[in-house]
Amino acid sequence: MNILLLVPILAPLTAALLAALLGWRMLTASATVLAALSVLVSACAIGLNVGSAAHLGVGRLLRADALSVTMLIVIGTVGTLATWASIGYINTELTQGHTNRKGANLYGVLVPIFLAAMALAVLANNIGVMWVAIEATTVATAFLVGHRRTRPALEATWKYVVICSVGIALAFLGTVLLYFASLHAGASSESALDIDVLLRYGAQLDPAVTRLAAGLLLLGYGAKAGLVPFHTWLADAHSQSPAPVSALMSGVLLSVAFSALLRVKSVVDVALGTGFLRTGLLIAGLLTLLVAASLLVVQRDFKRMLAYSSMENMGLVAVAAAAGTELALAALLLHVLAHGIGKALVFLAAGQLQAAHGSTAIGDVTGVLARSRLVGTSFAVGLVVLLGLPPFAMFASELSISRALAGAHLEWALGLALLLMVIAFAALVRNGARMLLGSPDPGSPSISIPRSVAGALVTGVILSFALGLTAGPFTQLFHTAATQLGAAR
């Protein structure tokens, strides 16, 4: 059974090797879809067994607990939708001359490498290996952000690389300090960064060194998760990336980076108590909500609008993590899964709108529901998911996060977060209504939908409704993850 832990990493790497050898074609694109699906299937198989033990492992390299399984489900689900849609997206790009065969081949290699790196990040048993995997996602996605090689895309790529490299450098320094503290607490040099070892020696870690390490790790991984103050790369990168890559970055990568913070938090809480990172997460989360809500109000670009929506949701996730209770962490994980599916829907639909209009300006897109029922319905459903309205799962997650914040005596943070979320809600409704409702402007172009994109959109809508109507199969998994992360009751 433990060998299953290798599948989420090896399957995408195999697809990447196939794409490197054969180039972009239906066979290699389909192999990438199957690799993403294998991540989801293996996650479900691991999840059936992970509840009977603290975690499953392959030597000292990999481990899978309930948090790993949850994140693999997110990676597998959104990855399957995005890679499926990539078939039609890249074929259309080739047909219209927006990319060449070399660019398509590179895309076909980098996307599965991106999936493998994220899978390794959530399965790593060692904080250092986790850092390497997060850094690998930066390398892979840098070339994907600049896929079209336009001036704005290249500018977004450099901005993404520079800012995230600063964040990753800070995370590296934090990792080194944590290693130093672990060594001086009595851990061996070979295992000083292993998660179980850090938890075992947590109470003996030097408080001063651990505080500095925790602050650096919060800033470093927070940059990758789109949290203030290193958030400025997010809107540019997500708006310039190919639509399926935007779906992966927004729906999965941000959450994977935040899962690294949750790993760190479980160790820091043992060493310093819950107060230190609670304060940092509250400050970062609420500032991120403030910046996202402010920018959503003045936004005129629909892909940037969706990127700032991701910032808003990651800010809420950070506030939930600050509460640190079992209910808060379980609701956080439900929120991450629902957000991933919803964000995949809106970005994939947005990609078709961009292709049809040659623009991402909100003012250029009108009457989408009247012009394309599938794209319009998919965008509308995804938007309603992100707005946190019933019957979708983010309604339940946001309600549970609110209860958890009140239960943790953080009513002031809850009130401020709700105010900022109402502002973001109003901005998303206003812009979404402009795009979806009413009659299309005269001369509006037709919206074509490749079959693979249509299949991904329909599947995403079905999954959004299914998760909203019953999260039952995941409830125990989320609560187990919260308990294993050391949640307070």
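Scroll up for the structure.
(A) Focus on the overall build of the protein. The number of helices and strands found in the protein is 19 helices and two strands. Here the C-alpha atoms of the protein give a radius of gyration of 21 Å, agreeing with the 23 Å that 2.2 N^0.38 yields for 489 residues. Taking as baseline every contact in the protein between residues at least 6 positions apart, the subset at least 24 positions apart corresponds to 81%. Within the structure as shown, the protein displays about 17,300 Å² of accessible surface, and the carbon and sulfur contribution to it stands at 68%. Put simply, the protein has 26 plus and 17 minus side-chain charges, and the middle of one group is 7 Å from the middle of the other.

(B) Local environment of the nonpolar core. Counting 174 residues, the largest nonpolar core has Y221, F258, L332 and F379 as its most contacted members. The element contributing the most residues to this core is helix 13 (residues 326–357), with 19 residues. In this view, F379 contacts M305, L306, V346, A349, A350, L353, M435 and L436; residues no more than four positions away in its chain are not counted.

(C) Structural context of the pattern of salt bridges. Counted under the stated rule, the structure contains eight salt bridges. One salt bridge connects D65 with R63, and the closest N-O pair in it is separated by 2.9 Å. Residues D65 and R63 agree in their burial class; the two are buried. Two residues, R304 and D236, come together in a salt bridge whose shortest N-O distance is 3.0 Å. Of this pair, R304 sits in helix 12 (residues 302–323) while D236 sits in helix 9 (residues 233–240), and the two are 68 residues apart along the sequence.

(D) The arrangement of the packing of helix 12 against helix 16 (residues 393–407) in detail. Between helix 12 and helix 16, the shortest axis-to-axis distance is 9 Å and the interhelical angle comes to 40 degrees. As far as their axial angle goes, helix 16 and helix 12 are oblique. For helix 12 against helix 16, the interelement crossing comes out left-handed. Contact residues: helix 12 offers N313, L316, V319, A320 and A323, while helix 16 offers M394, E398, I401, A404 and L405. Here the contact of helix 12 with helix 16 is composed, by residue class, of eight nonpolar, one polar and one charged.

(E) Layout of the packing of helix 1 (residues 7–22) against helix 2 (residues 26–50). Where helix 1 contacts helix 2, the two axes come as close as 8 Å, and the packing angle between them is 175 degrees. In terms of orientation, helix 1 and helix 2 fall into the roughly antiparallel class. Here V7, P8, A11, P12, A15, L18, A19 and L22 of helix 1 come into contact with helix 2, specifically with L27, T28, A31, T32, A35, S38, V39 and S42.

(F) Region of the structure containing the packing of aromatic side chains. One pass over the structure, following the stated rule, counts five aromatic pairs. Summarising the aromatic geometry, the rings of W131 and F172 are spaced 5.1 Å apart at their centres and angled 50 degrees between planes, so their arrangement reads as tilted. Here W131 is found in helix 5 (residues 127–145), whereas its partner F172 is found in helix 6 (residues 151–185), with 41 residues between them in sequence.

(G) Representation of the side chain of H147. The topology assignment puts H147 in the loop between helix 5 and helix 6. Overall, the relative accessible area of 8% leaves H147 in the buried class. Apart from the residues within four sequence positions on either side, H147 is in contact with I90, E93, T99, G103, Y107 and P242.

(H) Up close: the side chain of S464. Note that S464 resides in helix 18 (residues 451–469). Among the residues examined, S464 registers a relative accessible area of 5% and is labelled buried. In this structure, S464 is in contact with I341, L345, V381, V385 and F392, ignoring residues within four places of it in sequence.

(I) How the structure looks around unusual backbone geometry. Here the amide bond leading from V228 into P229 is cis, since omega sits at 15 degrees, within 30 degrees of zero. For P229, the location among the structural elements is in the loop between helix 8 (207–224) and helix 9. With an omega of 10 degrees, the peptide bond running from P390 to P391 counts as cis. Considering the arrangement of structural elements, one finds P391 in the loop between helix 15 (373–387) and helix 16. Notably, R149 is not glycine yet its phi reads approximately 60 degrees, a positive angle. Along the chain, R149 falls in the loop between helix 5 and helix 6. Even without glycine at this site, H409 takes up a positive phi of about 60 degrees. Note that H409 resides in the loop between helix 16 and helix 17 (411–436). Given the relative accessible area of 62%, H409 is considered exposed.

(J) Broad picture of a nonpolar patch on the surface. There is a patch of nonpolar side chains on the surface, built from V297, V298, W412, L416, L419 and I423 and spanning about 540 Å² of accessible area. Ranked by residues supplied to the nonpolar patch, first place goes to helix 17 with four residues. Summarising the element assignment, L419 is placed in helix 17.

(K) Structural detail: the environment of G285. Among the secondary structure elements, G285 is positioned in helix 11 (residues 275–297). Judged by its relative accessible area of 0%, G285 falls in the buried class. Sequence separation of G285 and M311 is 26 residues, and the distance between their C-alpha atoms is 9.3 Å. Dropping the residues within four chain positions of it, G285 is found in contact with G315, A318 and V319.

(L) View of the environment of L61. Inspection of the secondary structure assignment puts L61 in the loop between strand 1 (56–58) and strand 2 (62–64). Note: C-alpha distance between L61 and L463 (402 residues apart in sequence) is 33 Å.

(M) Expanded view of helix 9. Of all eight residues that make up helix 9, seven are buried, and the element is covered over most of its length. Of all the positions in helix 9, only W233, L234, A235, D236, A237, H238 and S239 are classed as buried. Close packing links the buried residues of helix 9 with helix 5, helix 6, helix 8, helix 10 (243–272), helix 12 and helix 13.

The rules behind these values
Residues numbered from 1 in each chain as written. Predicted model: local features only at pLDDT ≥ 70, side-chain atom pairs only at ≥ 80, totals over all residues. Heavy atoms only, no water. Helix = DSSP H or I, 4+ residues; strand = E, 2+ residues; numbered from the N terminus. Rg over C-alpha atoms; globule rule 2.2 N^0.38 Å. Contact = heavy atoms within 4.5 Å. Areas by Shrake-Rupley, 256 points an atom, 1.4 Å probe, with all protein chains shown as cover. Lys, Arg positive; Asp, Glu negative; His and termini not counted. Charge placed at Lys NZ, Arg CZ, Asp CG, Glu CD. Core = buried A, V, L, I, M, F, W, Y, C linked by side-chain atoms within 4.5 Å. Buried < 20%, exposed > 50% of the residue type's maximum accessible area, 1.4 Å probe, protein only. Salt bridge = Lys/Arg side-chain N within 4 Å of Asp/Glu carboxyl O. Axes fitted to C-alpha atoms, helices over the stretch in contact; angles between N-to-C directions. Parallel < 35°, antiparallel > 145°, perpendicular 65-115°, else oblique. Left-handed = near helix turned anticlockwise from the far one by under 90°. Nonpolar A, V, L, I, M, F, W, Y, C, P; charged D, E, K, R; others polar. Phe/Tyr/Trp six-rings, centres within 6.5 Å; stacked < 30°, edge-to-face > 60°. Patch = residues over 30% accessible without salt bridge, like charges linked within 9 Å, V, L, I, M, F, W, Y side chains within 5 Å.

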